[in-house]
Amino acid sequence: MPQPASVPTLAPRADPGTQSKRRRIGILALQGDFREHANAIRAIDAEPVLVRLPRDLVGIDALILPGGESTTMRKLVDRYGLREPIAALARGGAPVFGTCAGMILLADRITDGDEPVLRLLDIAVQRNGYGRQLDSFESDVEIPELGDEPLHGVFIRAPVVTDAGPEVQVLARDQSGRPIAVRQGKVLATAFHPELTDDRRMHRLLLELIEAERGTTGP
Ligand code: GLN
């Protein structure tokens, strides 16, 4: 006899490996505006993890390098032995997002003679390259990948990207055509500070890169 239609069927159980879980986003917290990034991460329902020591990198899904002073951050990165562990995390496929000083830490080349730090992004940067007249300024930033509405770009003693290699996708340019938001694989960087506004689209893009990673290589 066929089963009556009212017999409850067991709902398929979600595979725990593919269930969306709250992502843990590391934020380098040695210096700079890491608190603002932590707020942005909470606002997109992910968990910020402040990173001060190599062991803090264990179990994070992505890493943010904040704005601040790249020379100070460089010293502290080396003092706490973070340079190689961060590079290894990125080589392992974890997305990394640098803003302003964070972009400088990621760059392959620094034109004013400073030694590069992580070299995860094939760009050359000139520190404070917008010059004294434009020490700090705000400007609309068009990022077609993030929709029609421009982002509000806050630039504070921002680096100028003077060169970008062929693998680097330019997401946005300034009025002179120089890159101000770039992506190379799972490495993202902006010369401006999305963490200082309420627009969370860049942080969401970082989350999407994690999901893309899971999608292609499994959990
Ligand atoms: N001018 C800083 C540097 O060179 C970066 C400024 C910033 O992160 N807002 O490190």
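Above this text you will find the structure in question.
Residues numbered from 1 in each chain as written. Predicted model: local features only at pLDDT ≥ 70, side-chain atom pairs only at ≥ 80, totals over all residues. Heavy atoms only, no water.

Colleague: Honestly, the sheet that holds strand β11 (residues 179-184) in this entry has me stumped. Any pointers?
Modeller: Pairing between the strands of a sheet is mediated by backbone hydrogen bonds and can be parallel or antiparallel. With mixed pairing, seven strands are arranged side by side in an open sheet as β2-β1-β3-β4-β12-β11-β10. Every interior strand has two partners, whereas the edge strands, β2 (47-51) and β10 (169-173), have only one. Taken pair by pair, the neighbouring strands of this sheet meet at an average axis angle of 20 degrees, ignoring direction. As paired strands, strand β4 (residues 96-99) and strand β12 (residues 187-190) are joined by four bridges and run parallel to one another. Its bridge partner being in β12, Thr-99 is matched across the sheet by Thr-190. On top of the sheet, helix α1 (residues 34-43) reaches β1 (24-28), β2, β3 (62-65) and β4; it is set at about 170 degrees to β1, its chief contact. (Pairing = 2+ DSSP bridges. Helix = DSSP H or I, 4+ residues; strand = E, 2+ residues; numbered from the N terminus. Axes fitted to C-alpha atoms, helices over the stretch in contact; angles between N-to-C directions. Contact = heavy atoms within 4.5 Å.)

Colleague: What's the story with helix α2 (residues 70-79) in this structure? I'm lost.
Modeller: Since the α-helix advances by 3.6 residues per turn, residues separated by three or four positions end up pointing in the same direction. Residues of α2 that are buried include every one of Ser-70, Met-73, Arg-74, Leu-76 and Val-77, and no others. The elements touched by buried residues of α2 are β1, α3 (83-91), α4 (101-106) and β5 (107-110). Taken from the residues just after α2, Gly-81 is the one with a positive phi, measuring 65 degrees. (Buried < 20%, exposed > 50% of the residue type's maximum accessible area, 1.4 Å probe, protein only.)

Colleague: How should the site of the ligand be read in this particular structure?
Modeller: Residues in close proximity to the ligand include Gly-67, Gly-68, Glu-69, Ser-70, Cys-100, Ala-101, Ile-104, Arg-127, Asn-128, Ile-156, Arg-157 and His-193, which together make up its full environment. At 2.9 Å, a backbone N or O of Gly-68 approaches an oxygen atom of the ligand. A distance of 3.0 Å separates an oxygen atom of the ligand from a polar atom in the backbone of Ala-101. Bound to the protein, the ligand loses 96% of the 300 Å² it would expose on its own. Residue classes in the shell around the ligand are distributed as four nonpolar, five polar and three charged. (Near = heavy atom within 4 Å. Polar contact = N/O pair within 3.5 Å; in protein donor to acceptor, adjacent residues only side chain to side chain. Areas by Shrake-Rupley, 256 points an atom, 1.4 Å probe, with all protein chains shown as cover. Nonpolar A, V, L, I, M, F, W, Y, C, P; charged D, E, K, R; others polar.)

Colleague: Could you clarify how one ought to interpret the nonpolar core in this entry?
Modeller: Buried together is how nonpolar side chains tend to be arranged in soluble globular proteins. If you look at the biggest cluster of nonpolar residues, it comprises 68 residues, and the most contacted ones within it are Ile-25, Leu-28, Leu-106 and Ile-143. Take this core: its biggest share by element is six residues, from helix α5 (residues 201-217). Setting aside residues no more than four positions away along its own chain, Ile-25 makes contact with Ile-41, Ala-46, Glu-47, Pro-48, Val-49, Ala-62, Ile-64, Leu-206, Leu-207 and Ile-210. (Core = buried A, V, L, I, M, F, W, Y, C linked by side-chain atoms within 4.5 Å.)

Colleague: Help me out: how do you make sense of the pairing of β1 in this one?
Modeller: The element β1 is extensively covered by neighbouring structure, given that four of its five residues are classed as buried. When β1 meets β2, the two strands line up parallel, connected through five bridges. Across the sheet, the residue bridging to Ile-27 is Leu-50, located in β2. The sheet contact formed by β1 and β3 spans three bridges and is parallel. Residue pairing for β3: Gly-26 is matched across the bridge by Leu-63.

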